[in-house]
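Read off the chains here:
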Amino acid sequence: MIKARDDQRRYLAKQTAMTTLDSKIFGPLFGDAEINELLTDEAYVRALVEVETALAKAEARLGVIPSSAAEQICSVTQRNKIDVAALAKGTARSGFPIIALVQEIRKAVGGEAASYVHWGATTQDIMDTAASLQLRAVVGLFKTRIVEIARDLGALSNRHRVTVLAGRTHGQQALPASFGLKVAAWLAPLIRHAERLDEISPRLLVVQFGGAAGTLAALGDKGLAVMQGL
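What counts, and at which threshold
Residues numbered from 1 in each chain as written. Predicted model: local features only at pLDDT ≥ 70, side-chain atom pairs only at ≥ 80, totals over all residues. Heavy atoms only, no water. Helix = DSSP H or I, 4+ residues; strand = E, 2+ residues; numbered from the N terminus. Axes fitted to C-alpha atoms, helices over the stretch in contact; angles between N-to-C directions. Parallel < 35°, antiparallel > 145°, perpendicular 65-115°, else oblique. Contact = heavy atoms within 4.5 Å. Nonpolar A, V, L, I, M, F, W, Y, C, P; charged D, E, K, R; others polar. Phe/Tyr/Trp six-rings, centres within 6.5 Å; stacked < 30°, edge-to-face > 60°. Salt bridge = Lys/Arg side-chain N within 4 Å of Asp/Glu carboxyl O. Buried < 20%, exposed > 50% of the residue type's maximum accessible area, 1.4 Å probe, protein only. Arc of directions from axis to C-beta. Polar contact = N/O pair within 3.5 Å; in protein donor to acceptor, adjacent residues only side chain to side chain. Pairing = 2+ DSSP bridges.

Visitor: Help me understand unusual backbone geometry, please; the structure alone is not making it clear to me.
Guide: A negative phi angle characterises most non-glycine residues, just as the trans form characterises most peptide bonds. Even without a glycine there, the phi angle at His118 is positive, about 70°. Position of His118 relative to the elements: it lies in the loop between helix 7 (98-109) and helix 8 (123-159). Despite not being glycine, His170 has its phi angle at roughly 55°, a positive value. Within the secondary structure layout, His170 lies in the loop between strand 1 (164-169) and strand 2 (172-178).

As structure tokens, then:
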């Protein structure tokens, strides 16, 4: 009974969070317009297509697929928008959007080149790497904002380094302090956040590429080279 109630509470909390984030009234309190734009379905589809395109380029450079096929794939994906509704239907059928995505790209490419779309890759390769591309964009935006805020706080701290105010402890006035010092305390964790982003990026922003069952067997002796090229 207790477990059932816990599960119900977690479900309700999740539904409430989703409703809040989708709300035009409350959404801005819990979300960010620029970040949200980087994580839309359309942005995800663009990232998926970018991975498929990069894969074709890497394979063409290594002689795995014809250069003409890669050029055709890249040209078509630049000109054509993927039908998100078609991906939604495909995802409902298979649980993943990649089968429908590859079908859409192959349909647009046409001819012999169509058979080289997604060559040697598997679903998780494209999805995970696309997610890394989205995270890269988000991390880049965070770093830009942190730098801007840190610059402003640094200037404010320096300007008020001798501006005296009443220090506070436990909500009560205490010894005199500098407002510049107070601002510097706001700045310090932002500097650490910027360092954390730099430290985590090499571990976070990685390519996933293993092919079916993770063996790269479809690419023969070029598997690791394609991975590096991608």
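Visitor: It is not clear to me how the packing of helix 5 (residues 67-79) against helix 7 should be interpreted in this structure. Could you clarify?
Guide: Geometry of a packed helix pair, given as the angle between the helix axes and the separation of the axes. Relative to each other, helix 5 and helix 7 sit at 105°, their axes nearing to 9 Å. With respect to helix 7, the element helix 5 is oriented roughly perpendicular. The segment helix 5 lies against helix 7, with Gln72, Ile73, Val76 and Thr77 engaging Ile105, Ala108 and Val109. In terms of residue class, the contact of helix 5 with helix 7 is built from 5 nonpolar, 2 polar and no charged.

Visitor: Mind showing me how you'd approach the packing of aromatic side chains here?
Guide: The geometry of two aromatic rings is summed up by the distance between their centres and the angle between their planes. One pass over the full model with this rule turns up 2 aromatic pairs. Note on Tyr116 and Trp119: the rings are 5.1 Å apart at their centroids and 45° apart in plane angle, and the pair reads as tilted. With a centroid separation of 6.1 Å and 85° between ring planes, the pair formed by Phe179 and Trp186 is classed as edge-to-face.

Visitor: Is there a simple way to think about the pattern of salt bridges in this case?
Guide: Between side chains of opposite charge, a pair can form when the charged atoms approach closely. Inspection of the entire model under this criterion finds 4 salt bridges. Across the pair Lys107 and Glu104 runs a salt bridge, and its minimum N-O distance is 3.3 Å. Here the residue Lys107 and the residue Glu104 both occupy positions in helix 7, the gap between them amounting to 3 residues, near one helical turn. Where salt bridges share partners, they join Asp32, Glu34 and Arg145 into one cluster.

Visitor: Would you mind going over helix 6 (residues 84-94) with me for this structure?
Guide: Working note: α-helix, 3.6 residues per turn, so residues spaced by three or four point in the same direction. Every buried residue belonging to helix 6 is among Ala86, Leu87 and Gly90, and all of these are buried. End-on, the buried residues of helix 6 take up no more than an arc of 100°, which puts them together on one face. Looking at helix 6, the residues exposed on the side facing more than 90 degrees away from the buried face are Lys89 and Ala92. Two to three positions downstream of the cap, the backbone nitrogen of Ala85 sits 3.0 Å from a side-chain oxygen, assigning the N-cap of helix 6 to Asp83. Positive phi shows up at Gly95, right after helix 6, with a value of about 90°.

Visitor: Where do I start with the pairing of strand 1 in this structure?
Guide: Across a regular strand the side chains alternate sides, sitting on one face of the sheet and then on the other. Looking at chain direction, strand 1 and strand 2 are connected through 5 bridges and run antiparallel. Across the sheet, Arg168 pairs through a bridge with Gln173, a residue of strand 2. Counted between consecutive antiparallel strands, the loop separating strand 1 from strand 2 contains 2 residues, among which His170 sits at a positive phi close to 55°.

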